[in-house]
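Residue-level structure breakdown
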Amino acid sequence: MANHESTGFSSSGLRRLRETLARHVDSGKVPGVVALVSRGGHTHVEALGTMAAGGGAPMARDTIFRMASTSKPVTVAATMVLVDECRVRLDDPVQQWLPELADRQVLKRIDGPVDETVPARRPITVRDVLTSTFGLGLDFTAVGTPIFNAIFEQGLTPNLPVPMPEPDEWLRRLGTLPLMSQPGERWQYHIGNDLLGVLVARVTGQPFESFLRERVFDPLGMKDTGFHVPADQLYRLPDLYAPDPETGEFHVWDPADGGRHSRPPAFPSGGGGLNSTVDDYDAYFRMLLNGGVHNGQRILSRAAVQLMTTNRLTAEQNAARNALARDNVHISFGQGQHGGWGLGMAVRTYQSDYAPIGQFGWDGGSGASAYADPVNQLTGILVTQVGLSVPNSAHVFHDFWTTVYQALDN
């Protein structure tokens, strides 16, 4: 049995973790996986399988992955730096920086025509955008409605079916649509996190990525994190697969060479655009567990971290979010049943699996999972190159976390 003071994990538990991940890789359903668990100053990493389906270069600790929606918990830090510095206030109307969002109209009913609207009861605030309650988002209960279709037709979300335009044009298009709900009323996924990137760029007068790099990535030593992978590092990025849901056949959804992440994007997506490594993400989540400090340097105030990592939604808003996760497991594969939502991340408000109340983080549709647990002072990051068109990556997530919590040596 490993000494608790030295590692925080039992040696038998870490063996089981490796065996569990190896079983997924050996099944052929996930070509490779990299996993990191960190606790009490000890970090354990497993890199298993290969970069490509069918063989090739092995997965490595420094393999770079598309973080997809696990970008959200990281990129939200840029806005919180601005809140800390009083350059924006939580209840400031955003229209002073984003005039395209002044004088909003709101749909009379979410499934109605986009021109049947009523005036918004109040302006959109910074708080509304931070909590994903500003009025527009990927509301999966509204799939097929005119407004949901319009969001995709305008290229307001990543990759489908229209490429996202540069930020000013993206915001102009967003401003042509009515809101789906009144500001502050309903939690709606994703678009708020992309909007934060535009807000940060407008407030600071510098590109979103350069502000993130200056204030978050560089101080944390996150040298491999960004919205694209430099040409001389592309060999570290695997192709992203979207297996056929019927046959399981591997299809390349986004190639490394010449793909979406091989060059700077027109739109740097705070909601889903980052590439990173397990060590970079560990540095970020460790900073949150440490109350905003990394190696003696303060990145965020303790109060900002508290705001980010505790539930910000009302019981009614959470009920709708929980129903989405519970009743759509054929889409979410069991992800999302956490109870609460902070800023850019889920927060567990009830124990729905082995993780305790208070754990925070999120998962990504490209096969990424990243959480921190203040109760056990634990971080865990798991990344694969298999997207969630099939449940295989989600099954690896679940088994990873189930095994991690059994490996705790206390």
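Further up the page is the structure itself.
Procedures and definitions
Starting from 1, residues in each chain are numbered consecutively following that chain's sequence as written. Where local features are concerned, this predicted model is filtered to residues with pLDDT of at least 70; where side-chain atom pairs are given and counted, the filter is 80 or more; whole-chain, interface and lining totals use all residues. The basis for the side-chain values is all heavy atoms of the structure; hydrogens and waters are excluded. The rule for a salt bridge is simple: a side-chain nitrogen of Lys or Arg has to be within 4 Å of a carboxyl oxygen of Asp or Glu. Relative accessibility decides the category of a residue: with a 1.4 Å probe and only protein chains considered, values under 20% of the type maximum give buried, values over 50% give exposed, and everything between is partly exposed. Note on conventions: DSSP H or I runs of at least 4 residues are helices, E runs of at least 2 residues are strands, and numbering of each starts at the N terminus. A pair of strands is labelled paired if DSSP reports no fewer than 2 bridges between them. Using only the protein atoms, space was sampled on a 1 Å grid; points where a 1.4 Å probe fits but cannot get out form cavities, open sets with protein on both sides within 12 Å along at least five of seven lines form pockets, and lining residues are those with an atom within 4 Å of a point. Grid points are joined across faces, edges and corners, and a volume is the space filled by probe spheres set on the points. When residues are grouped by polarity, Ala, Val, Leu, Ile, Met, Phe, Trp, Tyr, Cys and Pro land in nonpolar, Asp, Glu, Lys and Arg in charged, and all others, Gly among them, in polar. Any two residues whose heavy atoms approach within 4.5 Å at even a single point are treated as in contact.

Re the pattern of salt bridges
Throughout the structure, instances matching the rule amount to 23 salt bridges. Across the pair Asp 111 and Arg 109 runs a salt bridge whose closest N-O atoms are separated by 3.0 Å. What you see here is one network of salt bridges that share partners, running through Asp 62, Asp 224 and Arg 236.

Describing the pairing of strand S15 (residues 368-373)
Successive residues of a regular strand alternate their side chains across the two faces of the sheet. Burial analysis of S15 places 6 of its 6 residues in the buried class, the great majority of the element. Alternating residues of S15 divide into Ala 368, Ala 370 and Ala 372 and Ser 369, Tyr 371 and Asp 373, and every residue in both groups is buried. Across 5 bridges, the pairing between strand S14 (residues 360-364) and S15 is antiparallel. Looking at S15, one finds that Gly 364 is bridged to Ala 368. When S15 meets strand S16 (residues 378-384), the two strands line up antiparallel, connected through 6 bridges. Looking across to S16, one finds that Ala 372 is bridged to Thr 379.

Focus on the layout of surface pockets
By volume, the largest pocket is sized at about 1700 Å³. Lining the largest pocket are 49 residues, with Ala 68, Ser 69, Pro 158, Gly 365 and Ser 366 sitting closest to its centre. At the level of elements, strand S7 (240-241), strand S8 (252-254), helix H11 (315-327), helix H12 (329-332) and S14 are the ones that each hand at least two residues to the lining of the largest pocket. Considering only residue class, the lining of the largest pocket consists of 24 nonpolar, 18 polar and 7 charged.

What about the environment of Pro 31?
Topologically, Pro 31 is positioned in the loop between helix H2 (11-26) and strand S1 (32-39). Separated by 107 residues in sequence, Pro 31 and Leu 138 have C-alpha atoms that sit 30 Å apart. Leaving out residues up to four positions away in the same chain, Pro 31 has contacts with Val 25, Leu 48, Gly 49, Thr 50, Ala 52, Ala 53, Tyr 241, Phe 250, Gln 385 and Val 386.

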